[in-house]
Amino acid sequence: MYAPGTTPPQGVWWKPAHRSEKIWFTIAFVWCMILFAMMPFWHLRGGQNPSGTRSTVEPTAFAERVQEFIDTYQVGEDNGIPLVEPPPGSDIYLQARMWSWTPVLRLRAGAEYTLHLSSLDVNHGFNLFPFNVNFQVVPGYDYALRVTPTEAGEFQIVCNEFCGVGHHLMVGKVIVVPADAPAAEGGDR
Amino acid sequence: MSDTFVGAPAAPAASAQAFRTCPTTGLKVHRQADALIKANAVVATVALLVGGISAILVLLTRWQAVHLLDATMFYRVLTIHGMNMLIFFILFFEMAVLYFASAVLLNCRVPTPKVAWTAFVLMVAGALLVEWTMFTGRADVLFTSYVPLRAHPAFYGGVILFAVGAILVTCIFFATLVVAKRERTYEGSVPLVTFGALTAAIIALITLAHGAAIYIPTFFWSLGKMNVDPEVYRLIWWGLGHSSQQINVAAMVAIWYLLGALTVGAVVVNEKISRTAFVLYILFISMASAHHLLVDPGFGPAWKVVNTSYFMYMAVLASMLHGFTVPAGTELGMRLRGFTQGIFGWLRRAPWGDPGFSSMALSVVIFGFLGGITGVTFGTEQINIIAHNTLRIPGHFHATVVGGTALAFMGITYYVIPLIFRKQVAFYRLAQIQPYLFGIGMTVFSMAMTFAGTFGVPRRHWDITFANAPFDVPFSPAVDLMIGIMAAGGLVAALGGAIYILVTVWSVFFGKALPEGDLSRASVPPGVYRVPARELPTEEVELREYGRLGVMPGTMILVFIFLVAFVVYYFANWKLLSFVWKVG
Ligand code: HEM
Ligand SMILES: [Cu+2]
Ligand SMILES: [Cu+2]
């Protein structure tokens, strides 16, 4: 006999399920397995994975690497922020701190770079506008992601993790030039 | 089985004065349980009021056309909103649910009233400490308080006090189950609703253990006495933050079963399936907190895939089972009581004017279709890249914890007022439309929010016009439109929330007492006087088979619509992901 869920069931309640329940259980289970399989599948076949190489780094050490990176490849300034054009295939650095992204990067469409993200103070969030690509930027951790810009244009980096009262001011920039554009000669136009 | 509502109460162990007998349900209610439920429910409502006012302020700031608060106040009020809603409102209400599902449903006494009241005082004191730090600007860190953002030590101390109180209540819940068993206050196994609450309580212990593991070190860190690694903090904090959402889910599902029983005499289709689904929650949920860390630098892909996929999906499976058994139990209950016309006759004839029923129905739909589908999709390792920290996330959880949990809590309140407070429901007409305003408003709000998030609009952000930022971020005009719709939906939901507070406060403090005897003329939900469970047939009934759809055809069709929506949304997001930069 059926009873509501407020009643203590009497005797043995371990009884066979209805056919419709079995059908739904089977379908739901199979669907969950598909959900599971999609993730390894995308690691094998898909182009977007949050894996990267992950290591710990002292904020001061990271700041030094960023400075070295800027000194080596700086080609100008944009809005007071160093503009850097690293060669395709190189390691590139982006430093988050309250409330700025340094430097501005000039990259080449279709080329692969290894992007190192870290923070000098609190958590920040990397959000590449308008593609909506998001990563967490955690102080003490170097998140090195291989990235390949797909098309030329100007893109912004919005901070999307609350990082204090200037959070909404924290916008950076990435410029992507076409694959065949000439390399910059020092200073920016 | 003349009274199918409860197991036959056995002889009381305590003195008769300590109990009253509920004239409606025949349940024997311990007066201490009564008082504890009332106290917790009242504090929960106060927290809801504070959270609700802050919701409106935050909403009117994110709506850039109004942009009400300045930046400092925005983040402060957002902190207040998160803490009051997600922590204080929800948890005080859950404490009331724990007392109800143990002492009341099992006809038992609260074994240690003194400890219970101490726990209550601890929770209130902790909450007040936290409120003080937030309102005085000593804790502008949002409810996640990610280290190394620093709040006043009293903020962490308050959270710890609050958590200790909550741990005590959970222990009292377990003790009540033991006492009820020993004093034989019920026969058979504990009812499914109590089993669901038991699930919530077990998860609560796991959760609160994580809470202690993170807030105690963080408290000492805030005093400058030790170090806390930011990534370790995120890992353990989400062990608390996510598991606590599973408390909410388990409590909400238990209330779905409870409201189904109270409003339409919903039955348990199969105890084995429903209980197994609850056990899956307990087994697999802690690992699911990994889905908050999918795009974090602290963890490798294997860890992410294993924790979010295999483990989390077993919890997803559990939710999909409840998503079937709750409507199925309703359908079967209605069919057994004679509503057998066609495939959806039972749904058409359901008591849509009963705020308990409409809350449950809307809560199931919003939780499943909006919250569940988006949650599983965004919690996929790679898809998280296009969802993390955007408005898609608050869009998702306002569908789960607000349209789902909070709405279910509101629905049960309309029964708690007559059954526990012994009062009529004031402004009953308003109470009848309240679930629709809140549910539909929340639906519009969270869908618009989710959609704005697909354009990359960040969450927790004061100014998406970036007026003073070094570079322009030209969001598409569609975003303004979506934010406008979000504001409209949010305001409608806020109106629903305000009506809820008006109705409950008025009923409890100024409301008319229930009349003696016949209640059908009193303004209470119909399930209170026409106890639907009593109308269930006591003999075996031949159920009609609708071909392949079986004996619960309406539910079968509904869950298949759900499945199609799920599959489409899920794969659409993979497609969306494939358009962005290559990254790995
Ligand atoms: C009428 C009802 C409500 C409205 C209009 C509303 C509105 C909002 C808005 C606009 C935000 C800010 C989103 C952002 O900028 O990131 C927000 C955040 C939030 N809301 Fe609500 N909300 C409501 C009810 C609730 C309820 C009942 C709960 C919990 C039970 C809740 C939990 C939260 C949480 C946890 C956050 C995130 C805070 C943070 O990011 O730190 N809300 N809400
Ligand atoms: Cu930032
Ligand atoms: Cu920020």
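Residues numbered from 1 in each chain as written. Chains lettered and ligands numbered in written order. Predicted model: local features only at pLDDT ≥ 70, side-chain atom pairs only at ≥ 80, totals over all residues. Heavy atoms only, no water.

(A) Looking closely at the overall build of chain B. When helices and strands are counted, chain B shows 14 helices and three strands. Rg of the C-alpha trace for chain B: 24 Å, near the compact-globule value of 25 Å for 584 residues, within the 12% margin. Along the three orthogonal principal directions, the C-alpha set of chain B runs to about 75 × 55 × 45 Å. In chain B, which comprises 584 residues, the share counted as buried stands at 65%. Of all intrachain contacts in chain B linking residues separated by at least 6 positions in sequence, the fraction that spans at least 24 positions is 82%. In the structure as shown, chain B presents an accessible area of about 19800 Å², 69% of it carried by carbon and sulfur atoms. (Helix = DSSP H or I, 4+ residues; strand = E, 2+ residues; numbered from the N terminus. Rg over C-alpha atoms; globule rule 2.2 N^0.38 Å. Buried < 20%, exposed > 50% of the residue type's maximum accessible area, 1.4 Å probe, protein only. Contact = heavy atoms within 4.5 Å. Areas by Shrake-Rupley, 256 points an atom, 1.4 Å probe, with all protein chains shown as cover.)

(B) Quick peek at helix α6 (residues 230-264) of chain B. Residues and elements named next belong to chain B. For α6, which comprises 35 residues, the first-to-last C-alpha distance of 50 Å matches the rise-based estimate of 51 Å (1.5 Å per residue) to within 8%. In the structure, α6 departs most strongly from a straight axis at W238, where the bend amounts to approximately 25°. Counted residue by residue, α6 has 32 buried out of 35 residues, so it is predominantly covered. Looking at where α6 begins, the residue whose side-chain oxygen comes 2.8 Å from the main-chain nitrogen of E231 is D229. G265, located one to two residues past α6, shows a positive phi value of around 65°. (Expected span 1.5 Å × (residues − 1). Bend = angle between axes of the 7 residues up to and from the residue. Polar contact = N/O pair within 3.5 Å; in protein donor to acceptor, adjacent residues only side chain to side chain.)

(C) Here's a closer look at helix α14 (residues 553-578) of chain B. Its 26 residues place the ends of α14(B) 38 Å apart at the C-alpha level, agreeing with the 38 Å of an ideal helix rising 1.5 Å per residue. Three or more residues of α14(B) are buried, namely P553(B), G554(B), T555(B), M556(B), V559(B), F562(B), L563(B), F566(B), Y570(B), N573(B), W574(B) and L577(B).

(D) The pattern of salt bridges, seen in detail. Considering all chains together, one arrives at 16 salt bridges over all chains under this definition. Between R234(B) and D296(B) there is a salt bridge; the shortest N-O distance is 2.6 Å. On the criterion of sequence distance, the pair formed by R234(B) in helix α6 and D296(B) in the loop between α7 (271-284) and α8 (301-336) is long-range, its members being 62 residues apart. Linked by salt bridges that have partners in common, D78(A), E154(A) and K173(A) make up one network. (Salt bridge = Lys/Arg side-chain N within 4 Å of Asp/Glu carboxyl O.)

(E) Here's a closer look at the interface of chain A and chain B. Listed as interface residues are 88 residues of chain A and, on the opposing side, 121 residues of chain B. When chain A packs against chain B, close to 9200 Å² is buried across both sides, 69% of that on carbon and sulfur atoms. Per-residue buried area on chain A facing chain B is highest for Y2(A), W24(A) and F162(A); these three make up 9% of the total on that side. The interface formed by chain A and chain B contains two salt bridges. Put simply, chain A and chain B have 40 residue pairs in polar contact (both at pLDDT 80 or more) between them. (Buried area = accessible area lost by both parts, 1.4 Å probe.)

(F) Spatial organisation of the coordination of the iron atom of ligand 1. Residues and elements named next belong to chain B. Listed as protein donors to the iron atom of ligand 1 are H81 (NE2) and H398 (NE2); their distances from the metal cover 2.0 Å. Seen from the iron atom of ligand 1, its six donor atoms lie at angles of 85 to 179°, and the figure they make is octahedral. Placement of H81 in helix α2 (residues 71-104) and of H398 in helix α11 (residues 392-419) is noted, with a sequence separation of 317 residues between them. Each of the two residues, H81 as well as H398, counts as buried. (Donors = N, O, S within 2.8 Å, 3.2 Å for Na, K, Ca; no water. Tetrahedral: all angles 85-135°; square planar, octahedral: opposite > 155°, others 65-115°.)

(G) Just the packing of α6(B) against α11(B), in detail. Residue and element names in this part refer to chain B. Interhelical geometry of α6 versus α11 gives an angle of 45° and a closest axis separation of 9 Å. In terms of their interaxial angle, α6 and α11 are classed as oblique. Seen along the crossing, α6 lies across α11 with a hand that is left-handed. Contact residues: α6 offers Q245, N248, A251, M252, I255, W256, L258, L259, L262 and T263, while α11 offers V401, G404, T405, A408, F409, G411, I412, Y415 and L419. The residue inventory of the contact of α6 with α11, partitioned by class, reads 13 nonpolar, six polar and no charged. (Axes fitted to C-alpha atoms, helices over the stretch in contact; angles between N-to-C directions. Parallel < 35°, antiparallel > 145°, perpendicular 65-115°, else oblique. Left-handed = near helix turned anticlockwise from the far one by under 90°. Nonpolar A, V, L, I, M, F, W, Y, C, P; charged D, E, K, R; others polar.)

(H) Layout of the domain arrangement of chain B. Residues and elements named next belong to chain B. Structurally, chain B comprises domain 1 (29-241) and domain 2 (273-536). Placing a centre on the C-alpha atoms of domain 1 and another on those of domain 2 gives a separation of 19 Å. Each partner contributes to the interface: domain 1 provides 49 residues, whereas domain 2 provides 50 residues. Here domain 1 is connected to domain 2 by one salt bridge. Where domain 1 meets domain 2, there are twelve residue pairs in polar contact (both at pLDDT 80 or more). It is helix α1 (residues 31-62) that contributes the most residues to the side of domain 1 that touches domain 2, 13 residues altogether. (Domains from an automatic or database assignment.)

(I) Representation of the coordination of the copper ion (ligand 3) within the structure. Residue and element names in this part refer to chain A. Distances from the copper ion (ligand 3) to its protein donors, C159 (SG), E161 (O), C163 (SG) and H167 (ND1), fall within 2.0 to 2.3 Å. Taken together, the four donor atoms coordinating the copper ion (ligand 3) and their angles of 94 to 122° define a geometry best described as tetrahedral. One chain supplies every donor for the copper ion (ligand 3), spaced along it as C-x1-E-x1-C-x3-H. Separating the copper ion (ligand 3) from the copper ion (ligand 2) is a distance of 2.6 Å, and C159 supplies a donor atom to each of them. In this structure C159 comes out as buried when scored by relative accessible area, which is 1%. We classify C163 as buried; its relative accessible area is 0%.

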